[in-house]
Amino acid sequence: MAKDTVKNPEDRLNTPANIVTIIRVCLIPVFVVALLSPWPALFGLGDAFSNHEKAIVATVIFVVISLTDFLDGYLARSRNEITTFGKFMDPLADKMLVIAALLVLVELDILPSWPVIIIIAREFIVSGIRMLAANQGVVIAASWYGKFKTTFQIIAIVLFLLKEGVSSTEVTGVLADPLYIIAWVVMLIALVLTIISMVDYINGFIKMLNSNKTEDQKMELDLKEQLKLESQNLLELLKDKDLKIITAESLTGGLISAYLTSIPGSSEVVVGGVASYAYELKRDALKVDYDNLLKNGAVNGETATQMVKGALDLSIANVAVAVTGIAGPGGEEPGKPVGTVFMGIMSDKMEVPDIFELHFTGNRDEIRLQTVQAALEILPKVIETY
């Protein structure tokens, strides 16, 4: 018998709040038709309904649609039914209603186009910022500027709807009609809040980026400090065992050796290192099989084996570490994505080296640092057995 599954409340669609939101969206075309179409004539009401009466009917519809925004919000909160669909669709429905009303006002020559362009441009910019923030896993909360902006936009639209038929180009008509002046004052306030709320969103996004950058920098600094501590511990272990170490590095380019030699007194145990990027240097300095490099590339266990053996034979060191891999951003091979690293560790008491295949993620610097960290963590385990 199949078990009943409980659906996540955030995934539900048929909640009362969502139904109200869908109804609000469906009523937007009704509002547009009520204001633009010749519906009074179609119903034989041409004499009884002038443009002014049509505007009043459309205004009533617009107000009813606007009030449903408070209703669906109340239902969602009171019933604890805040859904993913509602969080997406509710603000979208508000924008659709406002933009539709503004475009109708432009169509009827009640409102010039420039305020509408400002408002629509703001919505595009804010929507883009929200998408970018969402990609970072961050939600930028709406400020009170945005809420007041929407309120003033709706009030301005209602006032302009009630003044349908008044031309904005007739100065005497404007001065003689206080309601029209009030409508423009409210619209200008809405435009100011529109711009302020957009700037507020941009500032919030910039702060988020700076915060993420600061956090990344802090993590990198913490890792670097940890690597210095691990380097010091490794050097002390080598001194206790009276051992010397050499490095052979490809993708890290001498970074392991750099961390070791950054510690005072490292010259007692660090012989040196070979930063062998080119195949020719791997062949000449570390005795890596050149034909094998040409055939199979440098990122494999065989190359790591020959590198660590070659480094150990190259000097008086007792311990050697070799790394070869792909730090990126390009260079991936089939079955070997960026972040693939082969590490070889060997002492002069080992017949064969220990080979480790490692996989890291991040950018080039992060992969290189993770490789250094892995070497500093694995080396003591090998040296302890010396």
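The notes below deal with the structure included here. (Residues numbered from 1 in each chain as written. Predicted model: local features only at pLDDT ≥ 70, side-chain atom pairs only at ≥ 80, totals over all residues. Heavy atoms only, no water.)

### Points about the environment of Gly362
Item 1. Along the chain, Gly362 falls in the loop between strand 5 (354-359) and helix 13 (364-383).
Item 2. A relative accessible area of 45% places Gly362 in the partly exposed class.
Item 3. Sequence separation between Gly362 and Ala327 is 35 residues, and the spatial gap between their C-alpha atoms is 9.1 Å. (Helix = DSSP H or I, 4+ residues; strand = E, 2+ residues; numbered from the N terminus. Buried < 20%, exposed > 50% of the residue type's maximum accessible area, 1.4 Å probe, protein only.)

### Topic: empty space enclosed by the protein
Item 1. Under the criterion given, the structure shown has 1 cavity of 30 Å³ or more.
Item 2. Its boundaries defined by the atoms lining it, the largest cavity holds a volume of some 50 Å³.
Item 3. Together, Arg24, Ile65, Ser66, Asp69, Asp94, Leu97, Val98, Thr150 and Ile154 line the largest cavity.
Item 4. For the lining of the largest cavity, the secondary structure elements donating two or more residues are helix 3 (51-78), helix 4 (84-107) and helix 6 (144-162).
Item 5. Broken down by class, the residue content of the lining of the largest cavity amounts to 4 nonpolar, 2 polar and 3 charged. (1 Å grid on protein atoms, 1.4 Å probe; cavity = no way out; pocket = protein on both sides within 12 Å on 5 of 7 lines; lining within 4 Å. Points joined across faces, edges and corners; volume = space filled by probe spheres on them. Nonpolar A, V, L, I, M, F, W, Y, C, P; charged D, E, K, R; others polar.)

### A closer look at helix 10 (residues 279-286)
Item 1. Regarding helix 10, the residues found buried are Lys282, Ala285 and Leu286. Looking straight down helix 10, one finds its buried side chains confined to an arc of 95°; they lie on one side.
Item 2. For helix 10, the secondary structure elements touched by its buried residues are strand 1 (245-249), strand 2 (270-275), helix 11 (290-296) and helix 12 (301-314).
Item 3. Lys287 occupies a position one or two residues after helix 10 and carries a positive phi of about 65°. (Arc of directions from axis to C-beta. Contact = heavy atoms within 4.5 Å.)

### Some words on the packing of aromatic side chains
Item 1. Overall, the coordinates contain 4 aromatic pairs when judged by the stated rule.
Item 2. Between Phe31 and Phe62, the aromatic rings sit 5.4 Å apart at their centres with planes inclined by 50°, giving tilted as the arrangement. Taken together, the positions of Phe31 in helix 1 (residues 16-36) and Phe62 in helix 3 put the pair 31 residues apart, joining distant regions of the chain.
Item 3. Of the aromatic side chains, those joined through ring pairs into one cluster are Trp114, Phe160, Tyr180 and Trp184. (Phe/Tyr/Trp six-rings, centres within 6.5 Å; stacked < 30°, edge-to-face > 60°.)

### Let's talk about the environment of Ala76
Item 1. The topology assignment puts Ala76 in helix 3.
Item 2. In sequence terms Ala76 and Pro16 are 60 residues apart; their C-alpha atoms lie 7.7 Å from each other.
Item 3. Residues within four places of Ala76 in sequence aside, it is in contact with Ala17, Glu81 and Ile82.

### Here's the deal with the sheet that holds strand 5
Item 1. Strand order in the open sheet made by the 5 strands is 2-1-3-4-5, with mixed pairing throughout. Every other strand in the sheet has two partners, leaving strand 2 and strand 5 as the edge strands with one partner each. Adjacent strand axes in the sheet meet at a mean angle of 15°, parallel and antiparallel pairs treated alike.
Item 2. Lying over the sheet, helix 12 contacts strand 1, strand 2, strand 3 (319-325), strand 4 (340-347) and strand 5, oriented at roughly 145° with respect to strand 3. (Pairing = 2+ DSSP bridges. Axes fitted to C-alpha atoms, helices over the stretch in contact; angles between N-to-C directions.)

### Things to note about the pattern of salt bridges
Item 1. Using the criterion set out here, one finds 9 salt bridges in the structure.
Item 2. The salt bridge involving Arg24 is made with Asp94; its shortest N-O contact spans 3.4 Å. With a gap of 70 residues between them, Arg24 in helix 1 and Asp94 in helix 4 connect regions that are remote in the sequence. With respect to class, Arg24 is no different from Asp94; both count as buried.
Item 3. The salt bridge involving Glu123 is made with Arg122; its shortest N-O contact spans 3.1 Å.
Item 4. One salt-bridge network, held together by shared partners, links Arg24, Asp69, Asp72, Asp90 and Asp94. (Salt bridge = Lys/Arg side-chain N within 4 Å of Asp/Glu carboxyl O.)

Functional significance is not addressed by these values, which are geometric in nature.
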